[in-house]
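These are the residues of each chain, in order.
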Amino acid sequence: NAGVTQTPKFQVLKTGQSMTLQCAQDMNHNSMYWYRQDPGMGLRLIYYSASEGTTDKGEVPNGYNVSRLNKREFSLRLESAAPSQTSVYFCASSPDRRGRGYTFGSGTRLTVV
Amino acid sequence: TQLLEQSPQFLSIQEGENLTVYCNSSSVFSSLQWYRQEPGEGPVLLVTVVTGGEVKKLKRLTFQFGDARKDSSLHITAAQPGDTGLYLCAGVLGSTSGSRLTFGEGTQLTVNP
């Protein structure tokens, strides 16, 4: 089925370890996004890529880096994981810069101990 | 402080009852979206409203965008257990580098049989 695919679905890290969350979409969307979801705080934007070759900081970018590898793939990297980064991470894509019609992946549940 | 305030945060009702969820802000949005999220999954887009005063219906769900494009409501008629889930409103904010969604905290709806 067409959509947004995230890997892995679950991950446990020790404080200080690094990892990359992968995201790929097969809908030929131009824009891609990374959000984190925490209880009582809704979804908060970490980074986004309005189009291939561009990335911009969102609301909570500290401690993260991103790479828009090509039109399909947008990865999120944690260089030195901290317990405050324990969260559920969602990747999303939309057809264009206008922000309509977001499609979300099923999420990565990350625990940092 | 959340840019979009949703109320109530939690709602538990009996099957057949009606309910309304509110989404309010002091900011003007170019459009507003409603999503429904089930446990372990990403949010799924229900509707996008664009014009101030716009009303859209999706079966038993009625969505309204405020005249000033600062608020929205979701009304469910004769709720069913299958309506249980987390309902999220999200507003589109524009920028020179591309639009992005800002989410409310969500309303957790439980419909008891």
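Up top is the structure.
Chemist: Sorry, what's going on with the environment of Asn18 of chain B here?
Modeler: All names here are of chain B. Considering the arrangement of structural elements, one finds Asn18 in the loop between β2 (10-14) and β3 (19-24). As a C-alpha pair, Asn18 and Gly42 span 24 residues in sequence and 26 Å in three-dimensional space. Residues in contact with Asn18, not counting those within four places in the same chain, are His75, Ile76, Thr77 and Ala78. Among the polar contacts made by the side chain of Asn18, one reaches the main-chain amide nitrogen of Ala78 at a distance of 2.8 Å.

Chemist: Honestly, the pairing of strand β6 (residues 55-58) of chain B in this entry has me stumped. Any pointers?
Modeler: Regular strands have side chains that alternate between both faces of the sheet. Residue and element names in this part refer to chain B. Examined bridge by bridge, β6 and strand β7 (residues 61-65) share four bridges and lie antiparallel to one another. Its bridge partner being in β7, Leu58 is matched across the sheet by Leu61. If you look at the hairpin formed by β6 and β7, you'll find two residues sitting between the two strands, and Lys59 has a positive phi there, around 55 degrees.

Chemist: How do you make sense of the layout of surface pockets when you look at a structure like this?
Modeler: Gaps between atoms show up when a probe of the same size as a water molecule is rolled over them. Size it by volume and the largest pocket reaches roughly 620 Å³. Lining the largest pocket are 29 residues, and of these Gln37, Val88 and Arg109 of chain A together with Gln37 and Leu86 of chain B lie nearest its centre. Going through the elements one at a time, β4 (31-38), β9 (87-94) and β11 (108-112) of chain A together with β9 (85-93) of chain B are the ones with two or more residues in the lining of the largest pocket. A total of four residues in the lining of the largest pocket trace back to one element, the largest contributor, which is β11 of chain A. Broken down by class, the residue content of the lining of the largest pocket amounts to eight nonpolar, 15 polar and six charged.

Chemist: How should I be thinking about the packing of aromatic side chains in this particular structure?
Modeler: Describing an aromatic ring pair means giving the distance of the ring centres and the angle of the ring planes. Overall, the coordinates contain eleven aromatic pairs over all chains when judged by the stated rule. Taking the centre distance of 4.3 Å and the plane angle of 20 degrees together, the rings of Tyr33 of chain A and Tyr102 of chain A count as stacked. Pair noted here: Tyr33 of chain A is in strand β4 and Tyr102 of chain A is in the loop between β9 and β10 (103-104), with a separation of 69 residues, a long-range link. Each member of the pair Tyr33 of chain A and Tyr102 of chain A is classed as buried. Note on Tyr64 of chain A and Tyr89 of chain A: the rings are 5.9 Å apart at their centroids and 65 degrees apart in plane angle, and the pair reads as edge-to-face. One end of the pair, Tyr64 of chain A, is in strand β7 (residues 64-68); the other, Tyr89 of chain A, is in strand β9, and 25 residues separate them in sequence. The same class applies to Tyr64 of chain A and to Tyr89 of chain A, which are both buried. An aromatic cluster of at least three residues, connected via ring pairs, comprises Tyr33, Tyr35, Tyr48, Phe90, Tyr102 and Phe104 of chain A together with Tyr35 and Phe103 of chain B.

Chemist: Is there a simple way to think about the sheet that holds β3 of chain B in this case?
Modeler: Within a sheet, each strand pairs with its neighbour through backbone hydrogen bonds, oriented either parallel or antiparallel. All names here are of chain B. The antiparallel open sheet is built from five strands, whose spatial order is β1-β3-β8-β7-β6. Strand pairing shows two members of the sheet lacking a second neighbour, β1 (5-7) and β6, which therefore form its edges. In this sheet, adjacent strand axes meet at a mean angle of 15 degrees when their direction is disregarded. Across three bridges, the pairing between β1 and β3 is antiparallel.

Cut-offs and rules
- Residues numbered from 1 in each chain as written.
- Chains lettered and ligands numbered in written order.
- Predicted model: local features only at pLDDT ≥ 70, side-chain atom pairs only at ≥ 80, totals over all residues.
- Heavy atoms only, no water.
- Helix = DSSP H or I, 4+ residues; strand = E, 2+ residues; numbered from the N terminus.
- Contact = heavy atoms within 4.5 Å.
- Polar contact = N/O pair within 3.5 Å; in protein donor to acceptor, adjacent residues only side chain to side chain.
- Pairing = 2+ DSSP bridges.
- 1 Å grid on protein atoms, 1.4 Å probe; cavity = no way out; pocket = protein on both sides within 12 Å on 5 of 7 lines; lining within 4 Å.
- Points joined across faces, edges and corners; volume = space filled by probe spheres on them.
- Nonpolar A, V, L, I, M, F, W, Y, C, P; charged D, E, K, R; others polar.
- Phe/Tyr/Trp six-rings, centres within 6.5 Å; stacked < 30°, edge-to-face > 60°.
- Buried < 20%, exposed > 50% of the residue type's maximum accessible area, 1.4 Å probe, protein only.
- Axes fitted to C-alpha atoms, helices over the stretch in contact; angles between N-to-C directions.

That's the geometry; what it means functionally is another story.
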